[in-house]
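For reference, the chains in residue letters:
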Amino acid sequence: MTSSQVDRTDEPRAGSEAVGGDTPEEGYERGLGSRQVQMIAIGGAIGVGLFLGAGANIAKAGPSLILMYALAGVIIFFIMRALGELLLYRPVSGSFAEYSREFLGPFFGYFTGWTYWLMWVVTGMAELTAAAIYVHYWFPAVPQWVTALVFLVVLFVANLISVKLFGEIEFWFSMVKVTALIGMIVIGLGVLTFGFSSAGDTASVANLWQFDGFFPKGIGSSLMTLQGVMFAYLAVELVGVTAGESENPEKTLPKAINTLPWRIALFYVGALTVILCVVKWTEFAPGVSPFVEAFAKIGIPAGAGIVNFVVLTAALSSCNSGMYSTGRMLRTLADNGEAPRVFNKLSSTKTPAFGITVSVLFMGIGVILNYVVPEKAFGYVTSVATAAGIWTWLMILVSHILYRRAVDAGRLPASSFPAPGGAKCSWVAVAFLLFVTGLIAYDADSRICLYVMAVWAVALAVGWFVLKARNPQVTERREATFEKVG
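Residues numbered from 1 in each chain as written. Predicted model: local features only at pLDDT ≥ 70, side-chain atom pairs only at ≥ 80, totals over all residues. Heavy atoms only, no water.

A. Geometry of the pattern of salt bridges. Counted under the stated rule, the structure contains five salt bridges. The residue Arg 90 makes a salt bridge to Glu 98 at a minimum N-O spacing of 3.9 Å. The residues Arg 90 and Glu 98 share a single accessibility class, namely buried. Put simply, Glu 102 and Arg 90 hold a salt bridge, and the shortest N to O gap is 3.0 Å. Taken together, the positions of Glu 102 in helix H6 (residues 95-104) and Arg 90 in the loop between helix H5 (65-89) and H6 put the pair 12 residues apart, joining distant regions of the chain. (Salt bridge = Lys/Arg side-chain N within 4 Å of Asp/Glu carboxyl O. Buried < 20%, exposed > 50% of the residue type's maximum accessible area, 1.4 Å probe, protein only. Helix = DSSP H or I, 4+ residues; strand = E, 2+ residues; numbered from the N terminus.)

B. Inspection of the environment of Phe 432 at higher detail. On the secondary structure map, Phe 432 appears in helix H19 (residues 423-442). Taking the relative accessible area as the measure of exposure, Phe 432 reaches 10% and is therefore buried. Linking Phe 432 and Ile 75, residues 357 residues apart in sequence, is a C-alpha distance of 7.6 Å. Sequence-distant contacts of Phe 432, that is, excluding residues within four places in its chain, are made with Leu 71, Ala 72, Ile 75, Leu 226 and Met 230. (Contact = heavy atoms within 4.5 Å.)

C. Spatial organisation of the environment of Val 92. Secondary-structure assignment places Val 92 in the loop between H5 and H6. Separated by 157 residues in the primary sequence, Val 92 and Pro 249 have C-alpha atoms spaced 9.7 Å apart.

D. Seen up close, helix H8 (residues 144-161). The first and last C-alpha atoms of H8 sit 27 Å apart over 18 residues, in line with the 26 Å expected at 1.5 Å per residue. Considered for burial, the residues of H8 that qualify are Gln 144, Thr 147, Ala 148, Phe 151, Leu 152, Leu 155, Phe 156, Ala 158 and Asn 159. Buried residues of H8 fall within an arc of 165 degrees about the axis and therefore sit on the same side. (Expected span 1.5 Å × (residues − 1). Arc of directions from axis to C-beta.)

E. Examining the environment of Asp 212 more closely. Looking at the element boundaries, Asp 212 is found in the loop between helix H9 (163-194) and helix H10 (219-224). Each C-alpha atom, one on Asp 212 and one on Gly 62, is 9.1 Å from the other, the two residues being 150 residues apart in sequence.

F. Seen up close, the nonpolar core. Counting residues in each nonpolar core, the largest one holds 148 residues, and the members touching the most others are Phe 51, Tyr 69 and Ile 76. A per-element tally of this core places helix H7 (residues 106-138) first, with 17 residues. (Core = buried A, V, L, I, M, F, W, Y, C linked by side-chain atoms within 4.5 Å.)

G. Region of interest: unusual backbone geometry. Within the chain, Asp 212 stands out as a residue other than glycine whose phi angle is a positive 70 degrees. Residue classification places Asp 212 among the exposed positions, given a relative accessible area of 64%.

H. A look at the packing of H7 against H8. Put simply, H7 and H8 touch, their axes get as near as 8 Å, and they point 120 degrees apart. Judged by the angle between their axes, H7 and H8 are oblique. Considering how the two elements wind past one another, H7 and H8 form a crossing that is right-handed. Contacts between H7 and H8 involve Leu 128, Thr 129, Ala 131, Ala 132, Ile 133 and Val 135 on the former and, on the latter, Gln 144, Thr 147, Ala 148, Phe 151 and Leu 152. (Axes fitted to C-alpha atoms, helices over the stretch in contact; angles between N-to-C directions. Parallel < 35°, antiparallel > 145°, perpendicular 65-115°, else oblique. Left-handed = near helix turned anticlockwise from the far one by under 90°.)

Now the structure itself:
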């Protein structure tokens, strides 16, 4: 980042309110340290999509699911390096909406901001559903909707208190997930190497190909799991939302992004490979965490219960992140006049309390779904979240391509964290995401999310025309603002 970028701070945008005087990032507290940002980045890559969703995907694709996670992981790295280059060019809270606004125009910033909000609202519903399923493991008599409601209220209160508390909760949630996954890998390797436990006699690397081959259901069936695999990677971009509240974004963000490949290799590819070697793929089923199932097969006393606790923390962690990001995104929209001004205000603890509250009320729809259709709630909301996430990633990539064009033409300064391969890798990632969208359209079960997104797009378009009629200056392209950092 150039010195002119660091030192220059433009006037507040139209519609913004001065909150907190000279506090960085328009009133936010830079309360997220390097330790917390690193763990938020790690935790974002380990969620309920892996812990619960992998069970259904293993049943569909068998061992080839490992390859699907690896392929999608490469694309996610391209996306995150593109985002990283933009973040170090101009680190702002609500990052991708701001970049869409700058490089594609006000409508795309508006659309991306609201769609990312939708993604996290429905992801929060999915996580609450997953958490309720996990608690059902111990307390089968407790209705799913009751558990979902209790968790919703507890995390809501925690998010209102301060960003430091959010960061600390997320740090420890992520620590539990990381420690447990490493423990699972070590134990699985021990079973494979020394043959201990009740699974020792059948545990073998040959389990990856002995039961109808590496692609037991065919390559087509394996490719169809990509939509579920991409859901598992939702939230890796959350590190971009933390930019406005990180103590030193120029150092913490590149480090968090550059560690992504080994996190994917270890926690996704590594963990799934070990599990599918220890337990043959035919023994996994939808709706059951493969990690819980594997530990039950190994026969470690209380092992399945411990893993169930771990996957519960994963679900709560993601829901916690959802509440954090939705409040920030609504404030970014309000700051640009694209949402009611009341969302712009910060509480005395410097959190966007009203935005968080409204978002949590919408997440409460997930509680209703758990009451009405508990067996289908998870599938419904994950497909919508995936479609919204793909739009967000596409906007990051297209913004990056346009940014690189502007840099090459000399119109904008180069970022201090350029993406390897430049815009070429972004083009590859765009093609991949469009391919996944095609798979979603082809699958009758997940196609409903595209209908939901079509209705959502129409609603946003109507809102945009109303906004344009009431306040035309909000819909005009404006110069980018550079926040003071460091």
